[in-house]
Amino acid sequence: DVKVTQSSRYLVKRTGEKVFLECVQDMDHENMFWYRQDPGLGLRLIYFSYDVKMKEKGDIPEGYSVSREKKERFSLILESASTNQTSMYLCASSFGGRSETQYFGPGTRLLVL
Amino acid sequence: GQNIDQPTEMTATEGAIVQINCTYQTSGFNGLFWYQQHAGEAPTFLSYNVLDGLEEKGRFSSFLSRSKGYSYLLLKELQMKDSASYLCAALFNNAGNMLTFGGGTRLMVKP
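Cut-offs and rules
- Residues numbered from 1 in each chain as written.
- Chains lettered and ligands numbered in written order.
- Predicted model: local features only at pLDDT ≥ 70, side-chain atom pairs only at ≥ 80, totals over all residues.
- Heavy atoms only, no water.
- Helix = DSSP H or I, 4+ residues; strand = E, 2+ residues; numbered from the N terminus.
- Rg over C-alpha atoms; globule rule 2.2 N^0.38 Å.
- Contact = heavy atoms within 4.5 Å.
- Polar contact = N/O pair within 3.5 Å; in protein donor to acceptor, adjacent residues only side chain to side chain.
- Disulfide = S-S within 2.5 Å.
- Buried < 20%, exposed > 50% of the residue type's maximum accessible area, 1.4 Å probe, protein only.
- 1 Å grid on protein atoms, 1.4 Å probe; cavity = no way out; pocket = protein on both sides within 12 Å on 5 of 7 lines; lining within 4 Å.
- Points joined across faces, edges and corners; volume = space filled by probe spheres on them.
- Nonpolar A, V, L, I, M, F, W, Y, C, P; charged D, E, K, R; others polar.
- Buried area = accessible area lost by both parts, 1.4 Å probe.
- Salt bridge = Lys/Arg side-chain N within 4 Å of Asp/Glu carboxyl O.
- Phe/Tyr/Trp six-rings, centres within 6.5 Å; stacked < 30°, edge-to-face > 60°.
- Pairing = 2+ DSSP bridges.
- Axes fitted to C-alpha atoms, helices over the stretch in contact; angles between N-to-C directions.

(A) Layout of the overall build of chain A. In terms of helices and strands, chain A carries 0 helices and 11 strands. For chain A, the sequential pattern of α-helices and β-strands runs β-β-β-β-β-β-β-β-β-β-β. Computed over the C-alpha atoms, the radius of gyration of chain A is 13 Å, within 12% of the 13 Å expected from 2.2 N^0.38 for a compact globule of 113 residues. With the C-alpha coordinates aligned to their principal axes, the bounding extent of chain A is approximately 40 × 30 × 25 Å. Summarising the internal contacts of chain A: among those between residues at least 6 apart in sequence, 56% fall at separations of at least 24.

Now the structure itself:
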């Protein structure tokens, strides 16, 4: 079974703090994704990576950066957290093909005070 | 844009059949996924359609009409554990490997 894990299920941070969200997958997938999920807005793609050290912006990259130094690990960074970044963050991974199924991690619920 | 539209909420009775619809813009369309997401949990893959027609998997079936920009997820013999959100997501040619998700349909199954 594919396993995608995220470093925290719940996180509380203060405005202005730097926040790291880690995601690890154990299936040697090429693609990894970071989404945020908000009520009424569905899942929105922040960034994705199709290979080590490669990244592409999704629909809402502003205020976020990412890092992929190893194939199995994809990090989402909030340089200076703001209250409008309070959300559920979901990581996903897939094999390299366009139509490959994405497998999701359990999510990190981030509250920025 | 590539809007994906699906109803926000639906309610159905245990043992019944429910159909959750999803519409999308046809330009550049290249495949459609359905995911199930229980409250507080990760979305899990249900189905993938790229050709027209019905794909059946046990109690769940998914239908696609490419020309109409329309898909539905059919759940038969509903069980209480089917209460969840159902996410429709589409692939478009001009969006690389990125999925575009609808807002999700929250299904409540009542006894």
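There is more to say, and it comes next.
(B) Structural context of the environment of A:K71. Residue and element names in this part refer to chain A. By the secondary structure assignment, K71 is in the loop between strand 7 (65–70) and strand 8 (73–78). The contact partners of K71, leaving out residues within four places of it in the chain, are Q25, D28, H29, E30, M32 and V52. In terms of polar contacts, K71 uses its side chain to reach the side chain of D28, at 3.2 Å.

(C) Structural view of the state of the cysteines. All names here are of chain A. Scanning the entire structure with this criterion turns up 2 disulfides over all chains. At a sulfur-sulfur separation of 1.8 Å, the disulfide partner of C23 is C91. Taking the sign of the S-S torsion, -75 degrees for the link of C23 and C91, the bridge is left-handed. Taken together, the residues C23 in strand 3 (residues 19–25) and C91 in strand 9 (residues 87–94) connect sequence positions 68 residues apart. With a relative accessible area of 0%, C91 lands in the buried category.

(D) Spotlight on the layout of surface pockets. Of the volumes computed, that of the largest pocket is approximately 640 Å³. Lining the largest pocket are 24 residues, and of these A:Q37, A:P39, B:Q37, B:S85 and B:R106 lie nearest its centre. The residue inventory of the lining of the largest pocket, partitioned by class, reads 7 nonpolar, 12 polar and 5 charged.

(E) Focus on the interface of chain B and chain A. Taken together, the contacts link 21 residues of chain B with 23 residues of chain A. When chain B packs against chain A, the two sides together hide about 1700 Å² of surface, and 54% of this comes from carbon and sulfur. In this assembly, chain B and chain A are joined by 0 salt bridges. Our count for the chain B to chain A interface comes out at 3 residue pairs in polar contact (both at pLDDT 80 or more).

(F) Examining the packing of aromatic side chains more closely. Taken as a whole, this structure holds 19 aromatic pairs over all chains when the rule is applied. Ring geometry for A:F33 versus A:Y35: centroids 6.2 Å apart, planes at 25 degrees, classification stacked. You can call A:Y35 buried: its relative accessible area is 0%. In this structure an aromatic cluster arises from ring pairing among A:F33, A:Y35, A:F48, A:Y50, A:F104, B:F33, B:Y35, B:F45, B:Y48 and B:F101.

(G) Spatial organisation of the sheet that holds strand 8 of chain A. Residues and elements named next belong to chain A. Sheet architecture is open: 4 strands sit in the order 1-3-8-7, paired in antiparallel fashion. The open sheet terminates on both sides in strands that have one partner only, identified here as strand 1 (4–6) and strand 7. Going across the sheet, the axis of each strand differs from the next one's by a mean of 20 degrees, ignoring polarity. Note that strand 7 and strand 8 share 4 bridges and pair antiparallel. Note that in strand 8 the partner of S67 across the bridge is S75.

(H) Focus on the sheet that holds strand 8 (residues 70–75) of chain B. An order of 1-3-8-7-6 (chain B) is seen for the 5 strands of this open sheet, with the pairing classed as antiparallel. Lying at the two open borders of the sheet, with one neighbouring strand each, are strand 1 (4–5) and strand 6 (53–57) of chain B.

(I) The arrangement of the pattern of salt bridges in detail. All names here are of chain A. Under the defined criterion, the tally for this structure stands at 10 salt bridges over all chains. Salt-bridge contacts for D28 lead to K71; the nearest nitrogen and oxygen are separated by 3.2 Å. Of the two residues, D28 sits in the loop between strand 3 and strand 4 (31–38) while K71 sits in the loop between strand 7 and strand 8, which places them 43 residues apart along the sequence. Among the ionic pairs, D38 bridges to R44, the shortest N-O distance being 2.9 Å. One network of salt bridges, with partners in common, ties together D28, E30 and K71.

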